[in-house]
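# Structural overview
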Amino acid sequence: MFEWNKEDDRQFKALTGLTYRAFCALIPFFVEVYAQAVWANYNQHKDTRKRKPGGGQKGRLNTAEKKLYFILYYLKVYPTFDVLGDHFQLDRSKACTNVHKLLPILIAALDKAGVLPKRQFATAEELQAAWADIEDLLVDATERPHHRPQDEQEQKEMYSGKKKRHTVKNTTISSIGQQILFLGYTVFGHCHDYTLFKSEFSPELAWFNTFRLWVDLGYLGIRNDYAGVEICIPHKKKPRSKSNPHPTLTEEQKAENRKVSQVRILVENAICRMKRFKSVVDVFRNRKDNFVDDVALAAAALANWSLSLASTAT
């Protein structure tokens, strides 16, 4: 199960979401963070432990490479714990335990590697300092299916407004280079893209007055609420009326819309990189608190990691 083909990048990427080169480059960060977590846990419970870290029976995932491969395989393929345990010769409960143990390690390793998206900013100055070398910000939201809760009240809270769909949503902000700079916290149920954006970036502060923003028609009204160097949003047809039964855009407006679309496709590509991992595409099954948010964060950071390795190779 761990006899991967180092020469077959297509197969390795299909199972982990990373090329073998990107996988190997991530191992040192993973090893460092894992060692710190092990010793922190030991120091916290050393009064009741009989062995130091490393003692006792060795499990199936007995190397850092196997642990990293295991958690990446879970995120990319998103099997049930029964299938995951069978593939790695583990009991289903042990597979579940290892997933919840290793995912925070992976996120911390990606943070140490410097590819974790920002989650929130306390002030506009903090945001502008973090992205001081960036001129263009591409804003969009991504929606993911979630399992239907059995509780009636929870069903109402998580209902997306679309027939038989329960979903979660995140705001994303990307760069022209398709790096995911910001991933908003996961929200459940029906929430308009622009309403979610305003809850994360209050219009009362001058968040984006040094940036050029690119948005779609889901963010109508943004020019009235936010200041920016330039806010690029497509033109919308006027509503049909008796005086204007066949509303249409001018050729100039159509040309401007094409220009906006040509730039905005990059944020779709960035989200597509994130959604190479089936754990953020398939109906999300796990019920542990905040786990759905952690999986999205890990997928976005892994997309950034792959992109950073690809850019250094060229």
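Residues numbered from 1 in each chain as written. Predicted model: local features only at pLDDT ≥ 70, side-chain atom pairs only at ≥ 80, totals over all residues. Heavy atoms only, no water.

Another aspect to go through is the overall build of the chain. Counting its regular elements, the chain contains eleven helices and six strands. Overall size of the chain, expressed as C-alpha extent along the three principal axes, is 80 × 50 × 40 Å. For the chain, buried positions account for 44% of its 314 residues. For the chain, the share of sequence-separated contacts (at least 6 apart) that also reach a separation of at least 24 residues comes to 66%. In the form shown here, the chain has an accessible surface area of approximately 17,400 Å², with 49% of it arising from carbon and sulfur atoms. Within the chain, the 36 negative side-chain charges are centred at a point lying 5 Å from the centre of the 47 positive side-chain charges. (Helix = DSSP H or I, 4+ residues; strand = E, 2+ residues; numbered from the N terminus. Buried < 20%, exposed > 50% of the residue type's maximum accessible area, 1.4 Å probe, protein only. Contact = heavy atoms within 4.5 Å. Areas by Shrake-Rupley, 256 points an atom, 1.4 Å probe, with all protein chains shown as cover. Lys, Arg positive; Asp, Glu negative; His and termini not counted. Charge placed at Lys NZ, Arg CZ, Asp CG, Glu CD.)

Attention now moves to the packing of aromatic side chains. Counted by the stated rule, this structure contains 27 aromatic pairs. Look at Phe12 and Tyr69: their rings are 6.1 Å apart centre to centre, the planes differ by 55°, and that puts the pair in the tilted class. With Phe12 in helix 1 (residues 9-16) and Tyr69 in helix 3 (residues 64-77), the pair connects residues that are 57 residues apart, well separated along the chain. The burial state of Phe12 is the same as that of Tyr69; both residues are buried. Taking the centre distance of 6.0 Å and the plane angle of 40° together, the rings of Phe284 and Phe291 count as tilted. The class for Phe284 is buried, based on a relative accessible area of 1%. Among the aromatic residues, those joined into a ring-pair cluster are Phe121, Trp131, Phe182, Tyr194, Phe197, Phe201, Trp207, Phe208, Phe211, Tyr219 and Tyr226. Residue placement shows Arg285 over the ring face of Tyr78; its charged tip is 4.0 Å from the ring centre. (Phe/Tyr/Trp six-rings, centres within 6.5 Å; stacked < 30°, edge-to-face > 60°. Lys NZ or Arg CZ within 6 Å of the ring centre and 35° of its normal.)

Our focus in this paragraph is the side chain of Lys67. Examined against the element boundaries, Lys67 turns out to sit in helix 3. Look at Lys67: it is buried, it has no salt bridge, and the nearest opposite charge is Glu65 at 8.5 Å. There is a polar contact of 2.5 Å between the side chain of Lys67 and the backbone oxygen of Leu61. Not counting residues within four places of it along the chain, the set of residues in contact with Lys67 comprises Phe30, Tyr34, Leu61, Asn62 and Leu102. (Salt bridge = Lys/Arg side-chain N within 4 Å of Asp/Glu carboxyl O. Polar contact = N/O pair within 3.5 Å; in protein donor to acceptor, adjacent residues only side chain to side chain.)

Within the largest apolar cluster, 55 residues are counted, with the highest numbers of intra-cluster contacts made by Leu68, Phe70, Leu75, Leu84, Leu103, Leu106 and Leu302. When residues in this core are grouped by element, the largest group, 13 residues, is from helix 11 (residues 291-313). What Leu75 contacts, discounting residues up to four positions off in sequence, is Leu103, Leu106, Phe277, Lys278, Ser279, Val295, Ala298 and Leu302. (Core = buried A, V, L, I, M, F, W, Y, C linked by side-chain atoms within 4.5 Å.)

A separate point is the packing of helix 1 against helix 3. Relative orientation of the contacting elements helix 1 and helix 3 amounts to 80°, with a least axis distance of 6 Å. Between helix 1 and helix 3, the crossing angle belongs to the class labelled roughly perpendicular. On helix 3, the residues that touch Phe12, Lys13, Ala14, Leu15 and Thr16 of helix 1 are Tyr69, Leu72, Tyr73, Lys76 and Val77. Of the residues contributing to the contact of helix 1 with helix 3, the split by class is seven nonpolar, one polar and two charged. (Axes fitted to C-alpha atoms, helices over the stretch in contact; angles between N-to-C directions. Parallel < 35°, antiparallel > 145°, perpendicular 65-115°, else oblique. Nonpolar A, V, L, I, M, F, W, Y, C, P; charged D, E, K, R; others polar.)

A few words on the pattern of salt bridges. When the charged atoms of two side chains with opposite charge come close together, those side chains can pair. Under the definition given, this model contains eleven salt bridges. Across the salt bridge formed by Asp193 and Lys169, the nearest N and O atoms sit 2.7 Å from each other. Here Lys169 lies in strand 2 (residues 167-174) and Asp193 lies in helix 8 (residues 193-200), a separation of 24 residues in the sequence. The class of Asp193 is buried, set by a relative accessible area of 17%. On the accessibility criterion, Lys169 (8% relative accessible area) is buried. We note a salt bridge from Lys278 to Asp282, for which the minimum N-O separation is 3.7 Å.

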